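Residue-level structural notes
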Amino acid sequence: MPGISKVPNLHNPDIVVRLANSQEELRLANTLVFRNYVQDGFWENDETQLETNKYLHSLNRTVFVVLEKGILIGTMSIIHDSPDGLPSDGTQKTLMQRLRAKDETLAEVSAFAMDRSKSSYRKLILFLMSYVLQYSFYYAGIDRFIASCKPEHANFYESVLCFSKVSDLTYYNYSHACGYLINLDLLEAHWLLSQKYPADPATGQSLYRFLLCDPNPSQDFPQFLALKRPRNMNWVELSMRRTAA
């Protein structure tokens, strides 16, 4: 993605990124996921999977959506760890046990899909990811993200968002494809991303702040939820101290 270190601009006032807030939006999000996954060869073209996939209907799933003039054009989910497990447990049981031994609040990033007919969908990915990161860190109190994804997506997460691979290339039954298990410590991400994307001396803007600190006008964060972590803390300093310890 060219110019990835620059803070993206969004000139379309009709774009809104927020939590899904109705059963119809959940249905449309799942349908978009199904279309993308079939197109990419992850799932067979069998719509019964929309009903039988337990993670699409999990009470531990939080669904995020991108809307344009009220029409759903993008989605991503996090699945909070629980006794029901996470999608990656099916293939990476040993590694997942090691991650859980850290006694952190885990969530798996899953069900990411975009309407690829929209010419701006690549830019919108960053606005969606920024929302997911900020919601998960400040509102949900998530300590660590995990995800299972194909090599090119794993490389994107690693190079742009400072995820790290914690597995060898492995075949995943869930997606019917080979991929890596990747993870990101969300507190450590403040330090890593602030170093990777320093502020522009002229504007003070940085991709780090865009991703993890500053709400964008297009992002509608919930007013009814209390923050579990304050936005005004110096999270970079706290992360740096823990990294150095």
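Refer to the structure above for everything that follows.
Description of the structure in this document. (Residues numbered from 1 in each chain as written. Predicted model: local features only at pLDDT ≥ 70, side-chain atom pairs only at ≥ 80, totals over all residues. Heavy atoms only, no water.)

1. Concerning the pairing of strand S1 (residues 15-19)
Of all 5 residues making up S1, 4 are buried, and the element is well covered by its neighbours. Bridge analysis of S1 against strand S2 (residues 61-68) gives 5 bridges, and the strand direction is antiparallel. Looking at S2, one finds that valine 16 is bridged to leucine 67. (Buried < 20%, exposed > 50% of the residue type's maximum accessible area, 1.4 Å probe, protein only. Helix = DSSP H or I, 4+ residues; strand = E, 2+ residues; numbered from the N terminus. Pairing = 2+ DSSP bridges.)

2. Focus: the pattern of salt bridges
Applying the stated rule across the entire model yields 13 salt bridges. Between arginine 27 and glutamate 24 there is a salt bridge; the shortest N-O distance is 2.7 Å. Taken together, the positions of arginine 27 and glutamate 24, both in helix H1 (residues 23-39) and 3 residues apart, correspond to about one turn of that helix. Arginine 27 gets classed as partly exposed once you look at its relative accessible area, which sits at 44%. Exposure remark for glutamate 24: the relative accessible area of 41% places this residue in the partly exposed category. One network of salt bridges, in which partners are shared, links Glu104, Arg144, Asp185 and Arg242. (Salt bridge = Lys/Arg side-chain N within 4 Å of Asp/Glu carboxyl O.)

3. Quick word on the packing of aromatic side chains
Inspection of the entire model under this criterion finds 14 aromatic pairs. Here tyrosine 37 and phenylalanine 42 contribute two aromatic rings whose centre-to-centre distance is 5.5 Å and whose plane-to-plane angle is 85 degrees, an arrangement assigned as edge-to-face. Phenylalanine 42 shares its class with tyrosine 37; the two are buried. Each ring, one from phenylalanine 64 and one from tyrosine 135, has its centre 5.4 Å from the other, and the planes form 70 degrees; the classification is edge-to-face. Here phenylalanine 64 is found in strand S2, whereas its partner tyrosine 135 is found in helix H4 (residues 121-139), with 71 residues between them in sequence. Here phenylalanine 64 matches tyrosine 135 in class, with each residue buried. Clustering of aromatic rings is evident, with ring pairs tying together Phe64, Tyr131, Tyr135, Tyr139 and Phe221. Here the basic side chain of arginine 229 rests over the ring of phenylalanine 137, its NZ or CZ set 4.4 Å away from the ring centre. (Phe/Tyr/Trp six-rings, centres within 6.5 Å; stacked < 30°, edge-to-face > 60°. Lys NZ or Arg CZ within 6 Å of the ring centre and 35° of its normal.)

4. Quick look at the environment of methionine 96
Mapped onto the secondary structure, methionine 96 falls in helix H3 (residues 93-100). With 74 residues separating them along the chain, methionine 96 and threonine 170 place their C-alpha atoms 14 Å apart. Among all residues touching methionine 96, those that are not within four sequence positions of it are Leu86, Ser88, Asp89, Ile146 and Leu181. (Contact = heavy atoms within 4.5 Å.)

5. Side note on helix H6 (residues 186-196)
Considered for burial, the residues of H6 that qualify are Leu186, Leu187, Ala189, His190, Leu193 and Ser194. For H6, the buried positions fall inside an angular range of 150 degrees around the axis, keeping them on one side. On its buried face, H6 is in contact with H4, strand S5 (144-149), helix H5 (151-161), strand S8 (177-185), helix H7 (207-212) and helix H8 (235-244). Where H6 begins, one side-chain oxygen reaches toward the backbone nitrogen of leucine 187, 3.0 Å away; that side chain belongs to aspartate 185. (Arc of directions from axis to C-beta. Polar contact = N/O pair within 3.5 Å; in protein donor to acceptor, adjacent residues only side chain to side chain.)

6. Overview of the side chain of arginine 229
If you trace the backbone, arginine 229 turns up in the loop between H7 and H8. For arginine 229, a relative accessible area of 15% gives the class buried. Here the side chain of arginine 229 touches aspartate 143 through a polar contact of 2.5 Å, side chain to side chain. Every residue in contact with arginine 229, bar those within four places of it in the chain, is listed here: Phe137, Tyr138, Gly141, Ile142, Asp143 and Trp235.

7. Here we look at the side chain of serine 194
Here serine 194 is to be found in helix H6. Within the local environment of serine 194, its side chain forms a polar contact with the backbone oxygen of histidine 190, the two atoms lying 3.0 Å apart. There is a polar contact of 2.9 Å between the side chain of serine 194 and the backbone oxygen of tryptophan 191. Here serine 194 is in contact with Ala189, Tyr208 and Val236, once residues within four sequence places are set aside.

8. Remarks on the environment of glutamate 104
Within the secondary structure layout, glutamate 104 lies in the loop between H3 and strand S4 (106-114). For glutamate 104, a relative accessible area of 23% translates into the label partly exposed. In the structure, glutamate 104 is positioned 54 residues away from leucine 50 in sequence and 30 Å away in space, judged by C-alpha atoms. Setting aside chain neighbours within four positions, we find glutamate 104 in contact with Asp143, Arg144 and Asp185. Among the polar contacts listed, one links the side chain of glutamate 104 to the side chain of arginine 144, at a separation of 2.5 Å.

Shape descriptors only; they carry no functional weight alone.
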